[in-house]
Amino acid sequence: MALGESCPAEFSARTVYSGPESLMRRRLGRECLYVPSCRFGLYLALRHWCPPGGRVLMSPVNDDVIFFVVLAAGLRPVQAPLRPYDGSIDLDRVPDSDWRGLSAVLTTNLYGNPDPAPELRARCDRLGIPLIEDAAHAIGSVVGGRPVGGFGDASVFSLSKHVGAKTGGFLAVADPALRTELALARDELLQPSRLRAELAYAVRPYAEAGVRGLRLVRAARAALRVLGQEEREAIRMPLRAGDLKQALAGEPGLSGFHSWVRVDMHDYRLRPGRTRLRRTERLLSGLDARLEAHRAGTRRLLDTVWGGGARDGAEVQPLFRVPLLVEDRDAAVAALARRRITTGYLYDPPLDTYAGEVFTDLSPHPAPAAWFARHALPADPRRADEIIRVLTASGARPAVWDGRG
Ligand SMILES: Cc1ncc(COP(=O)(O)O)c(C=O)c1O
């Protein structure tokens, strides 16, 4: 078979997905459907639960890819006010005028810090609209005694974060009777697996280890840029307002928005091959140990001067990243980079500043979100000790919210 050809579909989808799905079903206590990425699962959920033309309350401090997923689903993003210390949705500051006319609420659970899911659930029930949880960062987080992802009509997880599979996710649903219908919708949206993509996936961990060992990370990123796989020059991808208006004038769908939605993961809608699923299952079975490492590092980072009020006395979560709050975030990022610690998952500026009112409803209280986006330094808890050493040596000062932004 030539590279680029489809892999043979000789195994039934039900069988190949069942290993990872049953591991996740046991963990969450909900019906779970394997999807090739969290963004794909969110698109599937938004299409299923929200009529095109609807409005979705979401967080402005979020991956821009998710903003484009909402647009691709034919929906208008409505940016919510956030709490300054952890970037969670500030329910009390969402004005009545925003609640009216919403089709859904989409949480973010940024870096693993839960949004107020029990209260959002109650509010959505009163309004008769679905709650959809983006649990990409929050696979081990708990709120109100229940796992994040256990509140929404639908919740979506990414296996590229804590699990480290660099592919895949789960769409978990409250109503197990929806499984067949959603699986059919998923299968219609999947693109055929390609041998080239599977081979690239199989060898990537070895290539990355080699690149790190030889300290060639910068050269590798430049090569990816040349190959068209690295689309970000800055934190936010280029919006391309003219192209976006044109895409919005067409029908909702992934195809029209593909060039935005695929950023950072070109395989986001590819039918997975066996290598991906086997690696995913293996990594997923080691998740508890990973979560414990995240929890231990989170505890250490929150106990520093940069830990801010993120803990609020609550139980420590196994955060995906700990949003340390530092006065000069860019200087801190540079100090870490000099010690070969890369800072990812920065979401600055907030989406309303990035996209503007042509493409989204703006937050009525943007200052706390802007402050959080400017000062949050997403620290990998598994490297807590190194990060604390570098920040201490560089004299990084904590940022303190003064109520004005
Ligand atoms: C908050 C959030 N949601 C969803 C995603 C998308 O996850 P995936 O890459 O699995 O599509 C990301 C990606 O980083 C993210 O940061």
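In what follows, the structure referred to is the one given above.
In this report, the structure presented in the accompanying data block is examined. (Residues numbered from 1 in each chain as written. Predicted model: local features only at pLDDT ≥ 70, side-chain atom pairs only at ≥ 80, totals over all residues. Heavy atoms only, no water.)

### A word on the packing of helix α2 (residues 38-49) against helix α3 (residues 64-72)
Contact geometry for α2 and α3: axes closest at 9 Å, N-to-C directions at 30 degrees. Looking at the two axes, α2 sits roughly parallel to α3. α3 is crossed by α2, and the crossing has right-handed handedness. Packed against α2, whose contacting residues are Arg39, Leu42, Tyr43, Leu46 and Arg47, the element α3 presents Val65, Ile66, Val69, Val70 and Ala72 at the interface. (Axes fitted to C-alpha atoms, helices over the stretch in contact; angles between N-to-C directions. Helix = DSSP H or I, 4+ residues; strand = E, 2+ residues; numbered from the N terminus. Parallel < 35°, antiparallel > 145°, perpendicular 65-115°, else oblique. Left-handed = near helix turned anticlockwise from the far one by under 90°. Contact = heavy atoms within 4.5 Å.)

### Some thoughts on the site of the ligand
Within the structure, the ligand sits among 14 residues, and Arg39, Asp134, His137, Ser158 and Tyr347 are positioned closest to it. The separation between an oxygen atom of the ligand and a polar main-chain atom of Cys38 is 3.0 Å. Starting from 390 Å² of accessible surface for the ligand in isolation, the protein chains cover 97%. A breakdown of the residues in the shell around the ligand according to their chemical character gives 6 nonpolar, 4 polar and 4 charged. (Near = heavy atom within 4 Å. Polar contact = N/O pair within 3.5 Å; in protein donor to acceptor, adjacent residues only side chain to side chain. Areas by Shrake-Rupley, 256 points an atom, 1.4 Å probe, with all protein chains shown as cover. Nonpolar A, V, L, I, M, F, W, Y, C, P; charged D, E, K, R; others polar.)

### Describing the sheet that holds strand β5 (residues 131-134)
The strand order across the open sheet formed by 7 strands is β1-β9-β8-β5-β4-β2-β3, and the pairing between neighbours is mixed. The sheet is open, and its two borders are formed by β1 (31-35) and β3 (76-79), each paired with just one other strand. Each neighbouring strand pair of the sheet contributes to a mean axis angle of 25 degrees, computed without reference to strand direction. Two strands pair when backbone bridges link them, and β5 and strand β8 (residues 154-158) are joined in this way by 3 bridges, in the parallel orientation. Along β8, the bridge assignment pairs Asp134 with Val156. The strands touched by helix α6 (residues 179-189) within the sheet are β1 and β9 (169-173), with β1 carrying the most contacts at an inclination of about 5 degrees. (Pairing = 2+ DSSP bridges.)

### A look at empty space enclosed by the protein
For the coordinates displayed, the defined rule picks out 1 cavity of 30 Å³ or more. Quantified by volume, the largest cavity comes out at close to 30 Å³. As for the largest cavity, its lining consists of Glu31, Cys32, Leu33, Leu171, Val173, Arg179 and Leu182. Put simply, the parts of the chain that give the lining of the largest cavity at least two residues each are β1, β9 and α6. (1 Å grid on protein atoms, 1.4 Å probe; cavity = no way out; pocket = protein on both sides within 12 Å on 5 of 7 lines; lining within 4 Å. Points joined across faces, edges and corners; volume = space filled by probe spheres on them.)

### Looking at the packing of helix α13 (residues 329-338) against helix α16 (residues 384-394)
At a closest axis distance of 10 Å, the pairing of α13 and α16 adopts a crossing angle of 120 degrees. Comparing the axis directions of α13 and α16 gives the class oblique. The handedness of the crossing between α13 and α16 is right-handed. Contacts from Ala332, Ala335 and Leu336 of α13 reach α16 at Ile387, Val390, Leu391 and Ser394. Of the residues in the contact of α13 with α16, the class split is 6 nonpolar, 1 polar and no charged.

### Description of the packing of aromatic side chains
Inspection of every chain in the model, using the stated rule, returns 10 aromatic pairs. Judged by centre distance (5.4 Å) and plane angle (80 degrees), the ring pair of Phe67 and Phe68 falls under edge-to-face. Their ring planes at 20 degrees and their centres at 5.7 Å tell us that Phe68 and Trp260 sit as a pair that is stacked. Taken together, the residues span a long stretch of sequence, with Phe68 in helix α3 and Trp260 in helix α10 (residues 258-261) at a distance of 192 residues. Residue class for Phe68 comes out buried when judged on its relative accessible area of 0%. Aromatic rings pair up to connect Phe67, Phe68, Phe257, Trp260 and Tyr354 into one cluster. One cation-aromatic arrangement involves Arg146 over Phe151; the distance from NZ or CZ to the ring centre is 4.2 Å. Arg236 extends its terminal NZ or CZ atom over the ring of Tyr354, reaching a point 5.6 Å from the ring centre. (Phe/Tyr/Trp six-rings, centres within 6.5 Å; stacked < 30°, edge-to-face > 60°. Buried < 20%, exposed > 50% of the residue type's maximum accessible area, 1.4 Å probe, protein only. Lys NZ or Arg CZ within 6 Å of the ring centre and 35° of its normal.)

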